[in-house]
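# Structural overview
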Amino acid sequence: MSIHENLLGGPPPTHLPDDPEPRELLASGAAPAEVAAKYPASSLAWAQLADEAFDGGRVVESYAYARTGYHRGLDALRRSGWKGHGPVPFEHEPNRGFLRALHALARAAQSIGEQEEYERCSTFLRESSPTAANTLG
């Protein structure tokens, strides 16, 4: 039996392919807007833009950035075989951009009074990765 075998019979975890360039640029201090412009499919760049906007009190802007990162992440998940449900482990670093964007979308939705979307995104995050839900808040 493989250590990664799902004994509950659910779908296997989805692991997005590594995309190190945007992650390395962000880690080196590059502006998230520049990284998002150069790598528009990077959920991580959009999530970082969402965090910066939220921290700056620009909640609607944060919502828009987070929604972009979320949808880019959904596209990547589907290309990786994800069927709309199942684990997206936070422990796999390439998944973190999507999970951060999902968290940022929930946070911004709650801030603008979109309770239904907040609950949907929060549930999706928790079901995709309990570790991400606990780590990101």
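Residues numbered from 1 in each chain as written. Predicted model: local features only at pLDDT ≥ 70, side-chain atom pairs only at ≥ 80, totals over all residues. Heavy atoms only, no water.

- An unreviewed UniProt entry lists the protein under the name DUF3151 domain-containing protein, with Streptomyces albireticuli as the source organism.

## Some points on the overall build of the protein
- Secondary structure assignment for the protein yields 7 helices and 0 strands.
- Helices (α) and strands (β) of the protein occur, in sequence order from the N terminus, as α-α-α-α-α-α-α.
- The C-alpha atoms of the protein give 15 Å as radius of gyration, which agrees with the globular expectation for 137 residues (14 Å, within 12%).
- Within the protein, the proportion of its 137 residues that are buried is 39%.
- The long-range share in the protein, meaning contacts at least 24 apart out of those at least 6 apart in sequence, stands at 62%.
- On the protein, roughly 7600 Å² of surface is accessible, and the fraction owed to carbon and sulfur atoms is 52%.
- The centroid of the 13 positive side-chain charges in the protein is displaced by 3 Å from the centroid of its 18 negative side-chain charges. (Helix = DSSP H or I, 4+ residues; strand = E, 2+ residues; numbered from the N terminus. Rg over C-alpha atoms; globule rule 2.2 N^0.38 Å. Buried < 20%, exposed > 50% of the residue type's maximum accessible area, 1.4 Å probe, protein only. Contact = heavy atoms within 4.5 Å. Areas by Shrake-Rupley, 256 points an atom, 1.4 Å probe, with all protein chains shown as cover. Lys, Arg positive; Asp, Glu negative; His and termini not counted. Charge placed at Lys NZ, Arg CZ, Asp CG, Glu CD.)

## Observations concerning the packing of aromatic side chains
- Within this structure, the stated rule accounts for 5 aromatic pairs.
- Centroid distance tyrosine 70 to phenylalanine 98: 6.1 Å. Interplanar angle 25°. Geometry classified as stacked. Here phenylalanine 98 lies in helix H5 (residues 96-111) and tyrosine 70 lies in helix H4 (residues 59-79), a separation of 28 residues in the sequence. There is no split in this pair, since tyrosine 70 and phenylalanine 98 are both buried. (Phe/Tyr/Trp six-rings, centres within 6.5 Å; stacked < 30°, edge-to-face > 60°.)

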